[in-house]
Every structure is written in C-alpha cells, then in structure tokens.
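Structure assessment
Here is how the chains run, residue by residue.
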Amino acid sequence: MPAADLVFTAARVHTLDPARPRAEAVAVKDGTIVAVGDRADTADWTGPGTETVDLGPATLTPGLVDAHSHPVWGLEMSDGTDLTAVTDLDGLRAALHTATPTDGWLLGWGLDHNAFGDRPLDRSLIEDIHPGVPVFLRLYDGHSALVNGAALDHAGITGPRTFGQRASVVCDPDGRPTGHLIEHAAMDLVQPHLPTPSDAERITRLRTLLGEMAATGLTGAHVMDLGDGTVPELLTAFEAEGELPLRLRLAPWCMPGSTPAELEGLIALQSRAGRLWRVGGVKFFMDGTVEGGTAWLEHPDCHGQGTDAFWPDPEAYGAAVRTLDAAGVGTATHAIGEAAVRHVLDTVATLGPGARGRHRIEHIETVPDDQLPRFAELGVAASMQPPHTACTRADQSDAWSRRLGPERAGRAWRIRELREAGAYVALGSDWPIAHHDARQVLALAQEPRGAASRGGGLSALMALEGVTSHAAAAAGEADVAGRIASGHRADLTAFATDPLTTPAGELPGTPIALTVVGGSVRHRAV
C-alpha cells in the first residue's frame, strides 16, 4: 500500500464496521480511509511524508452527521432576538421591551407555544410594545409566526387568504387578522418585507455557524431545504473563498401544485454539487405541526383540528413521489401525525422493491403500533430529532400533549421501538428548531424528555449509529460513509472520552478532540 497522508492513533476506535468493530489506528490517503488496524500496524502505513496524529486517551468514531438541519435557511430563521428561554407571556413582553429593532423591524425566533398558556396567539398581546414598529416573531416549530398590526399593514394583510397548501392567516369571527400566521405560505406574505442580509454577510454567518457545528463533532449535515433557491450559488461563492467546514447534502422542496416541468427541474437539480456540498433528494411536507393544528391526524385534536393533509390532494403527493422515484431521486417527507406517516408508507408501498432505501420520513412524532414494522418492511428510514422531546412535559400538560390527548401523546417519539422493529433511525437536531450540538442529540436519544421519557431511549451504541451509519443509510451512502473502513470517506470525530460508556447526561460537556472531513482537520481542541 502507498504511504498514507495521515495516520490517527487513539485509545480506542469504534469503527461501526461489523467486520472489525474495534481498532486503534486509522490510515488516510487522498481523503479516503485506506487501512484500519492496531498501533503495531502503523509502521507499514507510513512514509517520509506521513503525518501521524496520536489522540492519546481519546475515542475515534465515524464522523457525526446531523440527519436533519437547516444551516443556511436557519440563518434567516434565527434572525433577531433569541426567545428560546421565554416561558410565559410576561417573559415575552419583557424580552421584546428590551429588544432593539433591526432595519426598522423587530424580529424574534424560537418562541415556545407553551409561553402563551391557554391564550390564543393574538397580536393584542404584544401590540403596545414598540408602537408603529413592525414585529415578526417565529414560533419554535418554524411553521408559524406571530406578527403585530404594523407588520400586517406592511404586507397588506387585511383578512383571510386562500392558499394552495394547508396554511392560514388566522382571523377572528369578524374577519380581523389576529397576527397568527400558520405554515410557510402564510408567513411568506410577510417574508419579502423583512430585512435582507447581503451574500457576504450570509457567508460570514454561515462560516461561523458551520465552524461551531464542527466543534461539536459534526462532519456533515442533511440540509432539508434549498432556502430561497440561491443556496447553490451561495455555497459556490463560499468554496471560492475556502473550504466548507462540513459536508452538506441539500434537499430542495416540492410543494403542492408542482407541475411536471417543476418536477423535471427538481430532478435536474440533483446534478448540482461543489467540493463538499451536493443536492441529494427532494423534501416534501405531508403535514405541519401538532401545536399549530396542522399535523395530519386520524381523528381530530382537542380543538377539532388536524384532519387535513398539507397537500390538499394527497394523491397528487403520491404521483410526485412516483415521478421522482422513477428518476432515481430519493425523497424525505415531513410527517408528524399518524395519518401523514401512514400515507407516506402507503405511497412507498406502491413503488415496488426497487425503492428500498431511497425514501425516508422526517419527525414521526406519534405513530400507532401497526405502522412500526412497516419502516423496515418497506426500507423507509426514520429520521428523528430527539431534542424536540424537550418541548413537551412528562405530565402531558404541554401544548403538544394536550392537543393530541393521552393516547397519542403516549406514543410520543417511539425511537427505541422503531429501532427494535428493524428500522434505520437517523438522528438530527432540526437546527435552528433545536440546538445543533451533536452531543445533545446523542444524549437526548438515550434519555428522551417530556412526553417521550416513558418510552425509553436508545442504547449508547444505537445513538452513535443514528448519527453515523444509520444517517449514511438514510442518505443512500452506506457504501462510502458512516463507518471506519477501507474505501470509506475519511470523515472522523474524536471524543475526549468514550461515547459508549460516558453517561448520557455528561455527553453534552464532553470535549471534542478532533473533527476531520475528507482527511482534513476542521476542528482541533486547543
């Protein structure tokens, strides 16, 4: 074998390769793993130009991947005042009073539905704060917002609107907009009026964010959007200045009403790529969120909502998926409620055995027993976000649980049961809906919170697989990623301790010694 460019040694290497689960050394050449073995083997791998990195007591694993994230669009979603710590209306009002408008707008993000208690979201709750200044506050689910009267005036919203997808401008009985905008199409009425950063500012912010993500051990992310459509150009400009800190795989959206020409455009987009980014797959929405009343459920929630799909004609969704599948394009479908999950699985069942491993479902917040085995039977990956469980409460007093009722809330985030049913379970954060720290994802996968705490979490090994080998399988990349094995990408993460024996509660504080992407060090602990 030619001499390696890099050789890493560590106290232990968890390869996640069934042929050799443990090792002590890894050799890399031209960005690819070329040998895995013991320390004694390294003499045969090195030459005059080889760099050897001894990680001492650290543990080396395959590079961690966030299987559901929004690192580019999320910069827009996290503009303004961080409201994630707000727990009640008084706290919200206090945060807004001290917030400073940007370019004439007061923006906020990450606002918990539970902060409003039993009150309906209404602009009257914030109308007296910064009079005359338009206010746009994103709810933490990313699917709804609360705006004030000035913002409605800017957007010319004076009453209800009709959309081609399940979205709404909420109005009172007199037809007056309350300021509550539900789903993307409704929020998009205001979006063009918000302050817009320059491309240079976006690249600077993205560089900082991706560097922070790499410091948590992440080597890649499945990006579940294409933003405003300019993301490929933005990433091309980024790579003209230097390397991306992470490997990014992007899935553009397919929305209700997409024409055959638009589907062909989505297929054509699959060829777009850079050095460390590529378009891969297409993102659909089969429903919205439980808290917003737009999750597709098999019987109504406590407010009589949730019985409609995001696609007004669910069969049109199936036709779009079949078109993409015939072209070899994988899909990722947002499906939170049990009716949405069932419909996606039913759709994949019509595709035949050739579709195995090509399609995935995102979120899966509540699902009945009879659907659990279908994921493995149909080869559909379950993409789940353990940090979402922290927005619920074990006593089911939170908005999510109250909406669903005890039976469905009792089926919250059945992550362990899906694994035991044989499904690939890929794990992510859904940043900026939750923090991007991969160590928190690992911890909460093992010890889910709130309504999901009674269902049990994953073992430490299962959790690690969720951000490595199972994430690779969900992206159709199991032959080149997710394991430390010869011929695989040299994407590696080094933990200061052993993530398989460190208590889950201590994982978020575990230092990351090294993050390597394609054989290049992206983060090194000082």
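What comes next is a walk through the structure. (Residues numbered from 1 in each chain as written. Predicted model: local features only at pLDDT ≥ 70, side-chain atom pairs only at ≥ 80, totals over all residues. Heavy atoms only, no water.)

Here we take up the sheet that holds strand 6 (residues 64-69). Note: strands within a sheet are paired through backbone hydrogen bonds, in either parallel or antiparallel orientation. With parallel pairing, the 4 strands of this open sheet are ordered in space as 6-13-14-15. Looking at the sheet topology across the chains shown, the edges are occupied by strand 6 and strand 15 (277-279). Taking the axes of each pair of neighbouring strands and ignoring which way they run, one obtains an average angle of 15° across the sheet. As paired strands, strand 6 and strand 13 (residues 218-223) are joined by 4 bridges and run parallel to one another. Paired with Val65 across the bridge in strand 13 is Gly220. Strands strand 14 (247-250) and strand 15 of the sheet are contacted by helix 6 (residues 231-241), whose axis makes an angle of about 165° with strand 15. (Pairing = 2+ DSSP bridges. Helix = DSSP H or I, 4+ residues; strand = E, 2+ residues; numbered from the N terminus. Axes fitted to C-alpha atoms, helices over the stretch in contact; angles between N-to-C directions. Contact = heavy atoms within 4.5 Å.)

Turning to the packing of helix 5 (residues 199-215) against helix 6, a few remarks are in order. At a minimum axis separation of 10 Å, helix 5 and helix 6 run at an interaxial angle of 70°. One finds that helix 5 runs roughly perpendicular with respect to helix 6. The hand of the helix 5/helix 6 crossing is right-handed. From helix 5, Asp199, Arg202, Ile203, Leu206 and Arg207 reach across to helix 6, where they touch Leu234, Leu235, Ala237, Phe238 and Glu241. Grouping the amino acids of the contact of helix 5 with helix 6 by side-chain chemistry returns 6 nonpolar, no polar and 4 charged. (Parallel < 35°, antiparallel > 145°, perpendicular 65-115°, else oblique. Left-handed = near helix turned anticlockwise from the far one by under 90°. Nonpolar A, V, L, I, M, F, W, Y, C, P; charged D, E, K, R; others polar.)

With that out of the way, let us pick up the pairing of strand 23 (residues 520-524). The pairing of strand 22 (residues 512-517) with strand 23 spans 4 bridges and is antiparallel. When the bridges of strand 23 are listed, Val517 appears paired with Ser520. Remark: 2 residues form the turn of the hairpin made by strand 22 and strand 23, two consecutive strands paired antiparallel; Gly518 in that turn has positive phi of roughly 60°.

With that settled, the discussion passes to the sheet that holds strand 17 (residues 331-335). What the 5 strands build is an open sheet, ordered 16-17-18-19-20; its pairing is parallel. Two strands lie at the open edges of the sheet, namely strand 16 (282-285) and strand 20 (425-427), each paired on one side alone. Strand-to-strand twist in this sheet, taken as the mean axis angle between neighbours without regard to direction, amounts to 25°. Alignment of strand 18 (residues 359-363) against strand 19 (residues 381-384), held across 3 bridges, turns out to be parallel. In the sheet register, Ile361 faces strand 19, and the bridge partner there is Ala382.

Next up on the list: the nonpolar core. Residues Leu248, Phe284, Met286, Ile361, Ile364, Phe375 and Leu418 are the most contacted members of the largest nonpolar core, which totals 91 residues. Apart from the residues within four sequence positions on either side, Leu418 is in contact with Ile364, Leu372, Phe375, Ala382, Met384, Ala423 and Val425. (Core = buried A, V, L, I, M, F, W, Y, C linked by side-chain atoms within 4.5 Å. Buried < 20%, exposed > 50% of the residue type's maximum accessible area, 1.4 Å probe, protein only.)

Let us now look at the packing of aromatic side chains. Enumeration over the complete set of coordinates arrives at 7 aromatic pairs. When the centroid spacing of 5.2 Å and the interplanar angle of 90° are considered together, the rings of Trp73 and Trp253 count as edge-to-face. With Trp73 in helix 1 (residues 73-77) and Trp253 in the loop between strand 14 and helix 7 (260-269), this residue pair connects regions lying 180 residues apart in the sequence. Of the residues examined, Trp73 reaches a relative accessible area of 14% and is grouped as buried. (Phe/Tyr/Trp six-rings, centres within 6.5 Å; stacked < 30°, edge-to-face > 60°.)

Right, let's get into unusual backbone geometry. Put simply, Trp431 and Pro432 share a cis peptide bond, and its omega is 10°. Checked against the element boundaries, Pro432 lands in the loop between strand 20 and helix 14 (438-446). We note that His130 has phi near 50°; this positive angle belongs to a residue other than glycine. The residue His363 is not glycine, and still its phi comes out positive at about 90°. Relative to the elements of secondary structure, His363 occurs in strand 18. Overall, the relative accessible area of 4% leaves His363 in the buried class.

For His143, the position within the fold is in the loop between strand 9 (135-139) and strand 10 (144-147). Beyond its immediate sequence surroundings of up to four residues, His143 is in contact with Leu181, Ile182, Glu183, His184, Met187, Phe285, Gly288, Thr289 and His334.

This next bit is on helix 9 (residues 338-349). Across its 12 residues, helix 9 extends 16 Å between first and last C-alpha, which sits within 8% of the 16 Å expected from 1.5 Å per residue. Across the 12 residues that make up helix 9, a large majority, 9, are buried. Lining the buried residues of helix 9 we find helix 8 (314-326), strand 17, strand 18, helix 10 (372-378) and helix 12 (406-409). (Expected span 1.5 Å × (residues − 1).)

This paragraph deals with the pattern of salt bridges. Applying the stated criterion across every chain yields a total of 33 salt bridges. A salt bridge links Glu241 to Arg207; the shortest N-O distance between them is 3.0 Å. Within this pair, whereas Glu241 is found in helix 6, its partner Arg207 is found in helix 5, the two being separated by 34 residues in sequence. Here Arg207 falls in the partly exposed class, since its relative accessible area comes to 34%. Its salt-bridge partner being Asp370, residue Arg342 comes within 3.1 Å of it at the nearest N-O pair. Remark: Asp370 occurs in the loop between strand 18 and helix 10 and Arg342 occurs in helix 9; sequence separation between them is 28 residues. Overall, the relative accessible area of 23% leaves Arg342 in the partly exposed class. Residue classification places Asp370 among the partly exposed residues on the basis of a relative accessible area of 44%. (Salt bridge = Lys/Arg side-chain N within 4 Å of Asp/Glu carboxyl O.)

Read these as layout, nothing more, since geometry by itself doesn't imply function.
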